[in-house]
Amino acid sequence: MKITGIITAMVTPLSENGIDEAATRKLVNKLINDGVHGLFILGTNGEFYALSEEEKLTLVKIVVDEAAGRVPIFAGSGGISTEAVIQLTNQFAELGIDAVSIITPYLIKISDEELIQHYQAIAANTNLPIILYNIPANTKISISEQVFKELIKIPRIVGIKDSSGQLENIQMYLDLNDRADFSVLVGSDSLILPALQKGADGAVAATSNVLTKTDLGIYQAYLA
């Protein structure tokens, strides 16, 4: 799997009773019809941290059903517990998700070696492609050069979304990437163009929920 283009970090439509199915289906169709290259659900922008497991599974079912294979669907299955991440990832696999995004653990402080072991265990016990998710301002844990060098050796790990806001960090991942099938994606929308100019493969963009054609225009103009 090679991930490229503008992938919308989709908001999670909610009503008083939980996931708003009608609004979710409407948003999925709007984004796909506008031309996004993929949908990224249950990320930070989708407020994964505030949703129950049941709500996450419900959202996945709705989005996969409505997208109907028109674009790839990526879903966030990350958490603090390695075993819980494995279980949720395997549930997502059964529902038809194309790949999972796995944020670094948060709240607790772990070493680089423990972070490596976390991802190694997940990759060894799941079948979906994995996108690493680096957002150190929120998690207080960063996927460092040492960690990245080890994780890129794992074939099941096919990309990284970097939301550090630092072009130097994206450049580091690009410099260390020696795999044609591995994607470096920018997660800070203000850096879409400079990241592409440095060699990034695309963006996971929250702003594309509403500025869809603007974000797509940046990508298409860059390619041209």
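Residues numbered from 1 in each chain as written. Predicted model: local features only at pLDDT ≥ 70, side-chain atom pairs only at ≥ 80, totals over all residues. Heavy atoms only, no water.

Draft legend 1. Summary view of the packing of aromatic side chains. This structure, assessed with the given rule, holds 5 aromatic pairs. Ring centres of Phe48 and Tyr106 lie 6.2 Å apart, and the angle between their planes is 70°; on these two criteria the pair is classed as edge-to-face. Of this pair, Phe48 sits in the loop between β4 (38–41) and α2 (53–67) while Tyr106 sits in the loop between β6 (99–103) and α4 (112–124), and the two are 58 residues apart along the sequence. With a relative accessible area of 7%, Phe48 lands in the buried category. Seen from their ring centres, Phe148 and Tyr173 are 4.7 Å apart, and the 45° between their planes marks the pair as tilted. (Phe/Tyr/Trp six-rings, centres within 6.5 Å; stacked < 30°, edge-to-face > 60°. Helix = DSSP H or I, 4+ residues; strand = E, 2+ residues; numbered from the N terminus. Buried < 20%, exposed > 50% of the residue type's maximum accessible area, 1.4 Å probe, protein only.)

Draft legend 2. Representation of the nonpolar core. Ranked by internal contacts, the top residues of the largest apolar core, which has 66 residues, are Leu39, Ile41, Phe92, Ile97 and Ile143. The greatest single-element share of this core, amounting to 7 residues, is contributed by α2. Not counting residues up to four positions away in its chain, the partners in contact with Ile97 are Val60, Val64, Ile73, Ala75, Phe92 and Leu128. Judged by nonpolar contacts, the second largest core, of 10 residues, contains Phe74, Ala99, Leu185 and Val204. (Core = buried A, V, L, I, M, F, W, Y, C linked by side-chain atoms within 4.5 Å. Contact = heavy atoms within 4.5 Å.)

Draft legend 3. Here's a closer look at the packing of helix α1 (residues 21–34) against helix α9 (residues 212–223). With their axes 10 Å apart at the nearest point, α1 and α9 run at an angle of 30° to one another. Where α1 crosses over α9, the handedness of that crossing is right-handed. Here α1 contributes Lys30, Leu31 and Asp34 to the contact with α9, which in turn contributes Thr212, Lys213 and Leu216. Looking at side-chain class alone, the contact of α1 with α9 contains 2 nonpolar, 1 polar and 3 charged residues. (Axes fitted to C-alpha atoms, helices over the stretch in contact; angles between N-to-C directions. Left-handed = near helix turned anticlockwise from the far one by under 90°. Nonpolar A, V, L, I, M, F, W, Y, C, P; charged D, E, K, R; others polar.)

Draft legend 4. Structural context of the pattern of salt bridges. Inspection of every chain in the model, using the stated rule, returns 8 salt bridges. Notably, a salt bridge pairs Lys30 with Asp34, separated by 2.8 Å at the nearest N-O pair. Note that Lys30 and Asp34 are positioned in helix α1 at a spacing of 4 residues, about one turn of the helix. Residue classification places Lys30 among the partly exposed residues on the basis of a relative accessible area of 37%. Taking relative accessible area as the criterion, Asp34 reaches 24% and is therefore assigned partly exposed. One continuous salt-bridge network, built from bridges that share partners, spans Glu21, Arg25, Asp65 and Glu66. (Salt bridge = Lys/Arg side-chain N within 4 Å of Asp/Glu carboxyl O.)

Draft legend 5. The arrangement of the environment of Asp175 in detail. Structurally, Asp175 can be placed in helix α7 (residues 167–176). Each C-alpha atom of the pair Asp175 and Gly199 lies 9.5 Å from the other, and the pair is 24 residues apart in sequence.

Draft legend 6. Main features of helix α3 (residues 82–94). Across its 13 residues, α3 extends 19 Å between first and last C-alpha, which sits within 8% of the 18 Å expected from 1.5 Å per residue. Structurally, α3 contributes buried residues whose contacts are with α2, β5 (73–76), β6 and α4. Directly after α3, the chain includes Gly96, whose backbone phi takes a positive value near 100°. (Expected span 1.5 Å × (residues − 1).)

Draft legend 7. Spotlight on empty space enclosed by the protein. Tallying each qualifying case throughout the model produces 1 cavity of 30 Å³ or more. If you trace the largest cavity, you find it lined by Phe40, Leu42, Gly43, Phe48, Gly76, Ser77, Gly78, Ser101, Ile103 and Tyr133. Partitioning the lining of the largest cavity into residue classes produces 5 nonpolar, 5 polar and no charged. (1 Å grid on protein atoms, 1.4 Å probe; cavity = no way out; pocket = protein on both sides within 12 Å on 5 of 7 lines; lining within 4 Å. Points joined across faces, edges and corners; volume = space filled by probe spheres on them.)

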